[in-house]
Amino acid sequence: MPLDIPEFAIIGHPNEGKSSVVSTLAEDDTVPVSRIPGETTTSRVYPVSIDGREVIRFIDTPGFQNPKKTLDWLRAYTGPPHAILHAFYQAHVSLAEFRDECELFLPILDKGGIIYVVDGSRPMRRVDKMEMDILRLTGRPRMAIINCKDDDFRYLDDWKSQFNRHFNLTRIFNAHKATYSERIALLENLKSIDQDWEQALSLVVTSFKKDWAQRNALTAATICELIKECATYTTHTTCRSKARIPEIKEQLLSRLQHHLTTAETRCHQRIKRLFKHNIFNYTLPDQSILHEDLFDQSTWHVLGLKPKQLATAAAVTGGSIGAAVDLAAAGLTFGIFTALGSALAAGYVLWDGERFAKTKVKGIGLGGYQVHMGPVDNVQLLYIMLDRALLYYTHVINWAHALRDSPGVQKIASGTRVGFSSTWDNEKRGICNAYFAAIRQGRERQEPELAFRKMLENELARISESEHDA
């Protein structure tokens, strides 16, 4: 016999963050979230579907309209306890002054649990206690969420003390900052508010985790394709005059740079869609290194491998690490070349005579030249693109769907590397190097690619369970 789909009505006073909780838990950025109280006037169901199957429903409800009279009626009720909500609904459904109470009780008349949301950054009021008494008298399974919107916890103990008397469970949950781990933890907690729901909610949690793993697998495949595209891209053009070759090379470098930047942007957008951010433009934290261009000096300072790690990687992959010196000598302009002095100081350039990207000039019939540029010959660039993709992933998965504006400032210690690759052990970097080498050498790359993707999936799973400033 199929299990009922768990339903939870999100209930609370106006402007306490109910819609934000729904948006974040359901990963649904279509939920209207407003700072204006009373924007939610009717109950609305937000189902969560995984692989085409609905697994749980969250119901956004209006706030209480007339809590004192509602509580008085419920206290005076003398009928059977299980019929109290039906009796209230039938007695008040036609009365305008109880419109919101009837609307918010409707989803829980026969089944469904309650998630009661309060803003814990403000002091408790008399009306809050009335609402808690009302929900206790409904007899429905219920959890309280303290949503400290302003990160002000002065009144937290007061709320907890009062909630312990009225609810099966209490959780602190900031809907604007909740990470994947915190969302899963809240769903895990819901299992304990009613034993009859434990099996159904266990399946929900399992489905959420399986879906997340699938998204990570698709993200790993997307990053893998980005690295492959950028490591193999070549471009060329022809010219009649030998004197124009330096100018042509400069044009080809610009074309190469534009192609890599476009491919990276496309990869990031795919990651964003995988994690269901479809409507709002994602705003990176103010100090994220991802605000800087792929070829900006600061990017090369804090991402990618350390000098010794880079030397090993270059030796394994057959790539170069000292493009700056060589291309500067060739008289070409390129974003990273302006950073030559800093790059030297940072140890990026361990020897010269190497190129950022391979170039080839050959004569063609009728007197002319064909100039080829690519593929990329600098292994550090591949590690930097890898770091940037993982940082973008970190931002996206921790961007709660209820947050509609900038997530604010995240602090980065000056001069420190904020990427992932430089912290990996030799085994992980060895997997990367083997994949990069297979791409560069045009060898059969199924085995190195599978190992690389699996390593990425594990890394994405690890990031999901941790915090990382970028």
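Residues numbered from 1 in each chain as written. Predicted model: local features only at pLDDT ≥ 70, side-chain atom pairs only at ≥ 80, totals over all residues. Heavy atoms only, no water.

Engineer: Would you take a moment to explain empty space enclosed by the protein for this structure?
Structural biologist: It is the rolling of a water-molecule-sized probe over the atoms that shows where space remains empty. Under the definition given, this model contains two cavities of 30 Å³ or more. In this structure, the second largest cavity occupies an estimated 60 Å³ of space. Lining the second largest cavity, in full, are E27, Y180, R183, I184, L187, F208, D211, W212 and R215. Those elements giving two or more residues to the lining of the second largest cavity turn out to be α7 (180-190) and α8 (198-232). In terms of residue class, the lining of the second largest cavity is made up of five nonpolar, no polar and four charged. (1 Å grid on protein atoms, 1.4 Å probe; cavity = no way out; pocket = protein on both sides within 12 Å on 5 of 7 lines; lining within 4 Å. Points joined across faces, edges and corners; volume = space filled by probe spheres on them. Helix = DSSP H or I, 4+ residues; strand = E, 2+ residues; numbered from the N terminus. Nonpolar A, V, L, I, M, F, W, Y, C, P; charged D, E, K, R; others polar.)

Engineer: Would you mind showing me how to read the nonpolar core here?
Structural biologist: Nonpolar side chains in soluble globular proteins tend to be buried together. Core analysis: the largest hydrophobic core is formed by 94 residues, its most contacted members being I56, F58 and F436. Judged by nonpolar contacts, the second largest core, of 31 residues, contains I11, L71, L135 and C148. (Core = buried A, V, L, I, M, F, W, Y, C linked by side-chain atoms within 4.5 Å. Buried < 20%, exposed > 50% of the residue type's maximum accessible area, 1.4 Å probe, protein only.)

Engineer: Explain the pairing of strand β5 (residues 142-146) here, please?
Structural biologist: Within a regular strand, the side chains alternate between the two sheet faces. With five of its five residues buried, β5 lies for the most part within the structure. Judged by which residues are buried, β5 turns out to be covered on both faces: R142, A144 and I146 on one side and M143 and I145 on the other are all buried. Of the strand pairs in this sheet, strand β4 (residues 113-118) and β5 are connected by five bridges, and their pairing is parallel. Its bridge partner lying in β5, I114 is registered against R142. Taken together, β4, helix α5 (residues 126-138) and β5 form a β-α-β motif whose crossover is right-handed. (Pairing = 2+ DSSP bridges. Right-handed = clockwise from strand over helix to strand, strands pointing away.)

Engineer: I'm lost on the sheet that holds strand β7 (residues 235-239) in this one. Help?
Structural biologist: Sheets are built from strands paired through backbone hydrogen bonds, the pairs being either parallel or antiparallel. Pairing is antiparallel across the open sheet formed by three strands, whose spatial order is β7-β9-β8. Each edge of the sheet is formed by a strand with only one pairing partner; in this case those strands are β7 and β8 (357-364). Direction aside, the axes of adjacent strands within the sheet are offset by 15 degrees on average. Both β7 and strand β9 (residues 368-376) contribute to a ladder of five bridges, which runs antiparallel. Its bridge partner lying in β9, H236 is registered against H372. (Axes fitted to C-alpha atoms, helices over the stretch in contact; angles between N-to-C directions.)

Engineer: Explain unusual backbone geometry here, please?
Structural biologist: The bulk of non-glycine residues show a negative phi, and the bulk of peptide bonds are trans. That bond from G374 to P375 is cis: its omega, 0 degrees, falls within 30 degrees of zero. Relative to the helices and strands, P375 is located in strand β9. Even without being a glycine, D51 presents a positive backbone phi close to 55 degrees. Following the sequence through the fold, D51 ends up in the loop between β2 (44-50) and β3 (53-60).

Engineer: Would you mind going over the packing of aromatic side chains with me for this structure?
Structural biologist: Overall, the coordinates contain 16 aromatic pairs when judged by the stated rule. Between Y116 and F167 the ring centres are 5.5 Å apart and the planes differ by 10 degrees, which places this aromatic pair in the stacked class. Of this pair, Y116 sits in strand β4 while F167 sits in the loop between α6 (156-166) and β6 (169-172), and the two are 51 residues apart along the sequence. Each member of the pair, Y116 as well as F167, is classed as buried. A centroid spacing of 5.7 Å and a plane angle of 40 degrees characterise the contact between W159 and F163, whose relative ring orientation is tilted. With a gap of four residues between them, W159 and F163 both fall in helix α6, about one helical turn apart. (Phe/Tyr/Trp six-rings, centres within 6.5 Å; stacked < 30°, edge-to-face > 60°.)

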